[in-house]
Amino acid sequence: MRFAEEMMLLLLDDEGGKFRRVPEWSLRYALGGGVLMDLALEDRIDTDLESLILVDSTPVGDSLLDPLLADIAADTESRDARFWVERAAGRASEIREEAIARLVERGVLERTEDRFLWVFRTRRYPLVDGHAEREVKLRIMEVLFSDEVPGPRDIVIICLVDACGILKELLSAREIAHVTPRVEQVRKMDLIGRAVSKAIWDIETSLARAAQPHIV
Amino acid sequence: MNIEKITQGAVTVFAVGGRLDAPGARQFREAVSGAVGRILLDVADVDYISSAGLRALMEVQRDSAAQEEALALCNLHPHVRDVLKASGFLGFLAVHEDRASALESMG
């Protein structure tokens, strides 16, 4: 399962079959970052503190990943991970829709349509098979509540859920306080994850400044 | 990437040289996988590490932890040390100044 699919599963409110609301910009960056991270784990790209490097332009054979890989392969400039996180975030709506469609196709979710006030159509995605969702939540909890060296996929999913605020939906305030140092530790470990967090942080800071212009 | 394997007492030393980038990381994993017991990575001749190199280090560290064996690094190039520090890896890895002090510490 790709990170975008795992993210959408974690965003799902099991009771109502609706996706929880998180800030739009943070979800866009997290979904875009997730695609880059999948490309890194597929050995197509690599990163260091300064740049993102194409390792292998051979398509993965996955329509979630290959459009961005083709963009990176076609680019002639040296760019950093932040540039590509922002570029990938521009495709977030397509990534989201494809991730949901895959979850429906796999039989994890079901797509249903209701009418609100007999007029407005609303879409819900009730969970059909909870196994994948439980597995990803368990992976996150195992890393957060231990001091073991996390695996590469665990690091990525923690970067992503932290970046778009999903952790608050998974844990109580008390648990969040307990795991915050661990989250800080783990989220630094992936260089693309760092670029995602920094991009979201910059937007939040600029929004806070716009709301309170006296803050420098 | 050059990787030399040396047994020094109870410790297997891998003297690693070159770039620990995506191709280097693959070679590194192949060379180190299957090693048992205490492992010392002497990275004196590694002057570059990327995300792929960090992942390879992490996997080796996880393998060692699963076997309840020690893993340590020594002779870090300043750039490699900077990347390990920025990514928080220094919190997970035992790092020594040089091979002699590492071997003494690892027994």
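Our subject in this report is the structure included herewith. Here the structure is a predicted model, which is why all the values come from computation and not from measurement.

Before going further, it helps to spend a moment on the pattern of salt bridges. Residue and element names in this part refer to chain B. The full count for this structure, using the stated rule, is 30 salt bridges over all chains. We note a salt bridge from Asp42 to Arg99, for which the minimum N-O separation is 2.9 Å. Of this pair, Asp42 sits in strand β3 (residues 38-49) while Arg99 sits in helix α4 (residues 99-106), placing them 57 residues apart in sequence. Classification of Asp42 by relative accessible area gives buried; the value is 6%.

With 96 residues, the main nonpolar core has Leu36(A), Ile140(A), Phe28(B), Leu41(B) and Leu84(B) as its most contacted residues. The greatest single-element share of this core, amounting to nine residues, is contributed by helix α2 (residues 24-41) of chain A. In contact with Leu36(A), other than residues within four places in its own chain, are Ile45(A), Leu52(A), Leu68(A), Ile72(A), Ala81(A), Trp84(A), Val85(A) and Ile192(A). Counting eight residues, the second largest nonpolar core, distinct from the first, contains Val11(B), Val13(B), Ala72(B) and Met106(B).

Next up on the list: helix α3 (residues 78-86) of chain B. Residue and element names in this part refer to chain B. Considered for burial, the residues of α3 that qualify are Val80, Val83 and Leu84. One side of α3 carries all its buried residues, which in axial view fall inside an arc of 100°. Away from its buried face by more than 90 degrees, α3 exposes Pro78 and Lys85. Positive backbone phi, approximately 80°, marks Gly88, located one or two places after α3.

Residue and element names in this part refer to chain A. According to the stated counting rule, one finds two aromatic pairs over all chains in the structure shown. Look at Phe19 and Tyr125: their rings are 5.4 Å apart centre to centre, the planes differ by 40°, and that puts the pair in the tilted class. Of the two residues, Phe19 is situated in strand β2 (residues 18-19) and Tyr125 in the loop between β6 (120-124) and α6 (131-144); the sequence distance between them amounts to 106 residues. Each member of the pair, Phe19 as well as Tyr125, carries the same accessibility label: buried. Each ring, one from Phe83 and one from Trp84, has its centre 4.9 Å from the other, and the planes form 85°; the classification is edge-to-face. Looking at Phe83, the relative accessible area reads 24%, which means it is partly exposed.

Residues and elements named next belong to chain A. For the pair α2 and helix α10 (residues 191-211), the least separation of the axes is 9 Å and the interaxial angle reads 165°. Looking at the two axes, α2 sits roughly antiparallel to α10. Considering only the axes of α2 and α10, their crossing is right-handed. Facing α2, whose interface residues are Trp25, Ser26, Tyr29, Ala30, Gly33, Leu36, Met37 and Ala40, α10 presents Ile192, Gly193, Val196, Ala199, Ile200, Ile203, Glu204 and Leu207. In terms of residue class, the contact of α2 with α10 is made up of 12 nonpolar, three polar and one charged.

The rules behind the values
Residue indices begin from 1 for each chain and proceed along its sequence in written order. Going through the entries in the order they are written, you letter the chains from A and number the ligands from 1. This being a predicted model, a pLDDT of at least 70 is required before a residue's local features are given, and a value of 80 or more before pairs of side-chain atoms are given or counted; all residues contribute to the totals for chains, interfaces and linings. Computation of side-chain values: all heavy atoms of the structure, hydrogens and water removed. Salt bridges are identified by distance alone: a Lys or Arg side-chain nitrogen within 4 Å of an Asp or Glu carboxyl oxygen. Elements are defined by DSSP. Helices are runs of H or I of four residues or more, strands are runs of E of two residues or more, and each kind is numbered from the N terminus. Relative accessibility decides the category of a residue: with a 1.4 Å probe and only protein chains considered, values under 20% of the type maximum give buried, values over 50% give exposed, and everything between is partly exposed. Put simply, buried Ala, Val, Leu, Ile, Met, Phe, Trp, Tyr and Cys residues joined by side-chain atoms within 4.5 Å make one nonpolar core. What makes two residues a contact is simply this: any of their non-hydrogen atoms within 4.5 Å. The directions from the helix axis to the C-beta atoms are what the arc is built from. Note on aromatic pairs: the rings of Phe, Tyr and Trp (six-membered ring only in Trp) are paired at centre separations within 6.5 Å, and the planes decide the class, stacked below 30 degrees, edge-to-face beyond 60, tilted for the rest. Note on definitions: angles span 0 to 180 degrees between N-to-C directions of axes, and those axes are lines fitted to C-alpha atoms, for helices only across the stretch in contact. Throughout this description, any angle smaller than 35 degrees is read as roughly parallel, any larger than 145 degrees as roughly antiparallel, any in the 65 to 115 degree range as roughly perpendicular, and the remainder as oblique. Should the near helix be turned anticlockwise from the far one by less than a right angle, the crossing is left-handed, and should it be turned clockwise, the crossing is right-handed. All amino acids are sorted into three groups, where Ala, Val, Leu, Ile, Met, Phe, Trp, Tyr, Cys and Pro are nonpolar, Asp, Glu, Lys and Arg are charged, and the leftover types, Gly among them, are polar.

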